[in-house]
Amino acid sequence: MNGSCNVGLVGVGLMGHGIGRNLLRHGHTLTFLDHPGNQPVDDLLDAGAISKPSAREVAEASEVVILCVTGTPQVESVLFEPNGVLEGLKPGSIVIDCSTAIPSSTVTIAERVAEREGRFLDAAMTRTPKEAEEGRLNLLVGAPDALFAEVRPLLESFAEHIVHGGPVGAGHKLKLLHNFVSLGFTAVLAEATAAARRAGIADDVFLEVLGNGGGGGVILERLRPFIANEDPSGFRFSLANTLKDVGYYNAMAEQLGASRDVAGAIERLYREANDAGHGDRLVPELIAILEKR
């Protein structure tokens, strides 16, 4: 898959838009599903992308179908419901699931795709919409060795770092582990910031101390604009999606029989914020929510 190919994309949201943009930039043909949840797509259409009204038609036009939707229920819906991807999937075609999903379901999904003579891999994403637009995503891939080698050139058109974690499901396992650590750090930092303000510590002093010590890192830099200037754009991820991802991690940990005492507390924190009606707010705004408790 070193040359251009016909790629279908389901989910032109905050992350999917950047994927589509970079696929076109690298000379691939792009067909995407018309959906109310898409970001504005005029630039994609102007660059030659084609919109289709059903996932079946997207699959019919494609050698590779990339799914960039919210989670397991949405993946199953777009694949298996009437007029879904599986109805239009051609033998030998490839389905790449870039969502965040429950790994045990991913294996089952792969089996159903194989029954239709298709091939499947999970390629979960990390980083933000900014890196998606720049073609600099991180991908965590679960796939047979030969399939990974085949699709890697295509993945490189929108990703900077690509890790092959193992067989199908490994990408989604790694994504849940990654997001638990990332969103766990976020919860700790949000609580600490709210406590620091109650203690009368100036925000700039707090940021300096953390940045020069054990609190430095990617999460601090994503939250820094909100702590300093109430700008949540450094971490464009909703609290609803945060709860989903931590919940998926806890489901996986429970299936594994792994310890999840800390994960349980973090899920409760995010659930309380969502139950209070804050699901549409961005992750950095958790600091303001905790301040008002």
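Everything here concerns the structure above.
Note that this is a predicted model, so its numbers are computed, not measured. (Residues numbered from 1 in each chain as written. Predicted model: local features only at pLDDT ≥ 70, side-chain atom pairs only at ≥ 80, totals over all residues. Heavy atoms only, no water.)

> Provide a residue-level description of the side chain of S62, including the pertinent values.
Relative to the helices and strands, S62 is located in the loop between α3 (55-60) and β4 (64-67). There is a polar contact of 3.1 Å between the side chain of S62 and the backbone nitrogen of G8. Not counting residues up to four positions away in its chain, the partners in contact with S62 are N6, V7, G8, T31, K90 and S93. (Helix = DSSP H or I, 4+ residues; strand = E, 2+ residues; numbered from the N terminus. Polar contact = N/O pair within 3.5 Å; in protein donor to acceptor, adjacent residues only side chain to side chain. Contact = heavy atoms within 4.5 Å.)

> Describe in detail the packing of aromatic side chains, supporting the description with residues and values.
Tallied over the full model, the rule gives two aromatic pairs. With a centroid separation of 6.4 Å and an interplanar angle of 25 degrees, the aromatic rings of F235 and F237 are classed as stacked. The class for F235 is buried, based on a relative accessible area of 5%. F237 sits in the partly exposed class, given a relative accessible area of 23%. Taking the ring centre of F235 as reference, the NZ or CZ of R222 above it sits at 5.1 Å. (Phe/Tyr/Trp six-rings, centres within 6.5 Å; stacked < 30°, edge-to-face > 60°. Buried < 20%, exposed > 50% of the residue type's maximum accessible area, 1.4 Å probe, protein only. Lys NZ or Arg CZ within 6 Å of the ring centre and 35° of its normal.)

> Tell me about a nonpolar patch on the surface, residues and numbers included.
A cluster of nonpolar residues, V163, L174 and L177, forms a patch on the protein surface that exposes about 220 Å² of accessible area. Its location among the elements puts V163 in strand β8 (residues 159-166). (Patch = residues over 30% accessible without salt bridge, like charges linked within 9 Å, V, L, I, M, F, W, Y side chains within 5 Å. Areas by Shrake-Rupley, 256 points an atom, 1.4 Å probe, with all protein chains shown as cover. Salt bridge = Lys/Arg side-chain N within 4 Å of Asp/Glu carboxyl O.)

> Just give me the short version of the layout of surface pockets, but keep the residues and values in it.
Over the atoms rolls a probe the size of a water molecule, and its path tells where empty space is left. In this structure, the largest pocket encloses a volume near 1,000 Å³. Among the secondary structure elements, those contributing two or more residues to the lining of the largest pocket are α4 (72-80), β6 (119-126), α9 (170-198) and α12 (239-256). Residue composition of the lining of the largest pocket, by class: 18 nonpolar, 21 polar and nine charged. Approximately 350 Å³ is the volume found for the second largest pocket. If you go around the second largest pocket, you meet 19 residues; those closest to its centre are F185, G217, V218, I219 and L220. Counting only elements with at least two residues in the lining of the second largest pocket, the list comes to α9 and α11 (218-229). No other element matches the seven residues that α9 contributes to the lining of the second largest pocket. Taken together, the residues of the lining of the second largest pocket sort by class into nine nonpolar, eight polar and two charged. (1 Å grid on protein atoms, 1.4 Å probe; cavity = no way out; pocket = protein on both sides within 12 Å on 5 of 7 lines; lining within 4 Å. Points joined across faces, edges and corners; volume = space filled by probe spheres on them. Nonpolar A, V, L, I, M, F, W, Y, C, P; charged D, E, K, R; others polar.)

> I'd like a description of the sheet that holds strand β5 (residues 94-97), backed by residues and values.
The strand order across the open sheet built from eight strands is β3-β2-β1-β4-β5-β6-β7-β8, with neighbouring strands paired in mixed fashion. Each edge of the sheet is formed by a strand with only one pairing partner; in this case those strands are β3 (50-52) and β8. Here the average twist between neighbouring strands, direction ignored, is 25 degrees. Examined bridge by bridge, β6 and strand β7 (residues 137-142) share five bridges and lie antiparallel to one another. (Pairing = 2+ DSSP bridges. Axes fitted to C-alpha atoms, helices over the stretch in contact; angles between N-to-C directions.)

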